[in-house]
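A closer look at the structure
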Amino acid sequence: GVALVVDLRGAGAGRAGAQLFLLERGLRVADVIVSADIGWDPARALARIDALTKVPNRMQFQHLLQRALARARRGKHRLALIYMDVDKFKEINDTKGHAVGDRVLVAIASVLDSQARTGEEVFRIGGDEFAVVVRGGADAAARAAERFRQAVESFDGPEALPAISVGVASFPDH
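Residues numbered from 1 in each chain as written. Predicted model: local features only at pLDDT ≥ 70, side-chain atom pairs only at ≥ 80, totals over all residues. Heavy atoms only, no water.

Overview of helix H6 (residues 138-153)
Two residues of an α-helix separated by three or four positions point the same way, owing to the 3.6 residues in each turn. Which entries qualify depends on this criterion: To qualify as a helix, a DSSP run of H or I must reach at least 4 residues; to qualify as a strand, a run of E must reach at least 2; elements of each kind are numbered from the N terminus. A helix's residues, less one, multiplied by 1.5 Å, set its expected span. Only protein chains enter the calculation, and the probe is 1.4 Å; a residue is then buried if its accessible area is under 20% of its type maximum, exposed if over 50%, and partly exposed in between. As used here, the arc is the angular range of directions from the helix axis to the C-beta atoms. Throughout, a residue-residue contact means that at least one pair of heavy atoms, one from each residue, lies within 4.5 Å.
Helix length check: H6 (16 residues) gives 22 Å between terminal C-alpha atoms against 22 Å at 1.5 Å per residue, within 8%. Listing the buried residues of H6 in full gives Ala141, Ala144, Ala145, Arg147, Phe148, Ala151 and Val152. Viewed along the axis of H6, the buried residues span an arc of 165°, placing them on a single side of the element. Facing away from the buried side of H6 by more than 90 degrees, the exposed set consists of Asp139, Arg143 and Glu153. Looking at the buried positions of H6, the neighbouring elements they touch are strand S3 (79-86), helix H5 (98-115), strand S4 (120-126), strand S5 (129-135) and strand S6 (164-171).

Put into structure tokens, the structure is as follows:
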């Protein structure tokens, strides 16, 4: 999901206006935070969402990861990162075309996002690379990584999805 800050001082911005703005662009809204003292800039919100897959992008990933690491250090919490890469994606683009490659990326992002649980945030960090930030240690991340891998593997859609390679790193016990 996407956290969004809405400025109630703006003419008609409000919660409903922000949700409508995002929904018109095909974006999902997990949580709208209403604030009277922090502005909402639609361009800034869109800059943090991957245009193709509609999941948060690398910019949002870096921002959230920095904040999550700082919180983990202060509170002595565990944090993990799952990194996923689509196997043989270049081959898909080269043999079936970029339109098929794009559909594969959208489907994978959708599967990953649908499998994400509380404390797990999915990002497209580039090309055929996805990441999930997990609040919890290596064991929680390993279980989540396997859940994501199996969900992609068992996808039942118009086209079979390629396998994904998965790696896990954790803080502070990496």
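The rest of the description comes next.
Points about the side chain of Arg147
Examined against the element boundaries, Arg147 turns out to sit in helix H6. Overall, Arg147 belongs to the buried group, its relative accessible area being 14%.

Looking at the packing of H5 against H6
The description of two packed helices rests on the angle between their axes and on the distance between the axes. Defined as follows: Think of each axis as a best-fit line through the C-alpha atoms, taken over the contacting stretch in the case of a helix, with angles from 0 to 180 degrees between the N-to-C directions. Note that the term roughly parallel is reserved for angles under 35 degrees, roughly antiparallel for angles over 145, roughly perpendicular for angles of 65 to 115, and oblique for everything else. By convention the crossing between two helices is left-handed if the near helix lies anticlockwise of the far one by an angle smaller than a right angle, and right-handed if it lies clockwise. Think of it as three bins: nonpolar holds Ala, Val, Leu, Ile, Met, Phe, Trp, Tyr, Cys and Pro, charged holds Asp, Glu, Lys and Arg, and polar takes everything else, Gly as well.
Across the interface, H5 lies against H6 with an axial gap of 9 Å and an inter-helix angle of 135°. By the angle class used here, H5 and H6 are oblique. The chirality of how H5 crosses H6 is right-handed. Along its contact with H5, which presents Ile108, Val111, Leu112 and Gln115, the element H6 presents Arg147, Phe148, Ala151 and Val152. Taken together, the residues that form the contact of H5 with H6 break down as six nonpolar, one polar and one charged.

Quick notes on the packing of aromatic side chains
Counted only if it meets this: In summary, the pairing rule links any two rings of Phe, Tyr or Trp, Trp by its six-membered ring, whose centres are within 6.5 Å, and it sorts them by plane angle into stacked for under 30 degrees, edge-to-face for over 60 and tilted for everything else.
A full pass over the atoms with the stated rule returns one aromatic pair. With 5.4 Å between their ring centres and 65° between their planes, Phe61 and Phe123 make a pair best called edge-to-face. One end of the pair, Phe61, is in helix H3 (residues 58-75); the other, Phe123, is in strand S4, with 62 residues separating them in the sequence. Note on Phe61: relative accessible area 9%, which makes it buried. Relative accessible area serves as the criterion here: at 0%, Phe123 is assigned to the buried category.

Here we look at the sheet that holds S3
Defined as follows: A pair of strands counts as paired when DSSP detects no fewer than two bridges linking them.
Spatially, S4-S5-S3-S6 is the arrangement adopted by the four strands of the open sheet, whose pairing is antiparallel. In this open sheet, the two strands that pair with only one neighbour each are S4 and S6. Each adjacent strand pair in this sheet contributes to an overall mean axis angle of 20°, direction not counted. By the bridge criterion, eight bridges tie S3 to S6 in an arrangement that is antiparallel. Its bridge partner being in S6, Tyr83 is matched across the sheet by Gly167. The strands touched by H6 within the sheet are S3, S4, S5 and S6, with S6 carrying the most contacts at an inclination of about 165°.

Regarding the environment of Thr53
How we decide: Pairing of N or O atoms within 3.5 Å defines a polar contact, subject to two protein rules: one partner must be a possible hydrogen donor and the other a possible acceptor, and residues neighboring in sequence count only if both atoms are side-chain atoms.
By the element assignment, Thr53 lies in the loop between helix H2 (42-47) and H3. When the C-alpha positions of Thr53 and Ala107 are compared, they lie 8.1 Å apart, and in sequence the two are 54 residues distant. Among the polar contacts listed, one links the side chain of Thr53 to the side chain of Asp50, at a separation of 2.6 Å.

Details of the side chain of Ser170
Counting through the fold element by element, Ser170 comes out in strand S6. Ignoring any residue separated from it by four or fewer positions in sequence, one finds Ser170 in contact with Leu79, Ala80 and Ala138.

Describing the nonpolar core
We apply this condition: For the purposes of this section, nonpolar cores are sets of buried Ala, Val, Leu, Ile, Met, Phe, Trp, Tyr and Cys residues that join through side-chain atoms within 4.5 Å.
Counting 27 residues, the largest nonpolar core has Ile82, Met84, Ile108, Leu112 and Phe130 as its most contacted members. Elements with a minimum of two residues in this core: S3, helix H4 (89-96), H5, S5 and H6. Among the elements that line this core, the one with the most residues is H5, at eight residues. Other than its neighbours up to four places away in sequence, Leu112 contacts Met84, Val122, Phe130, Phe148 and Val152.

Note that all results are geometric; they support no functional claim without further evidence.
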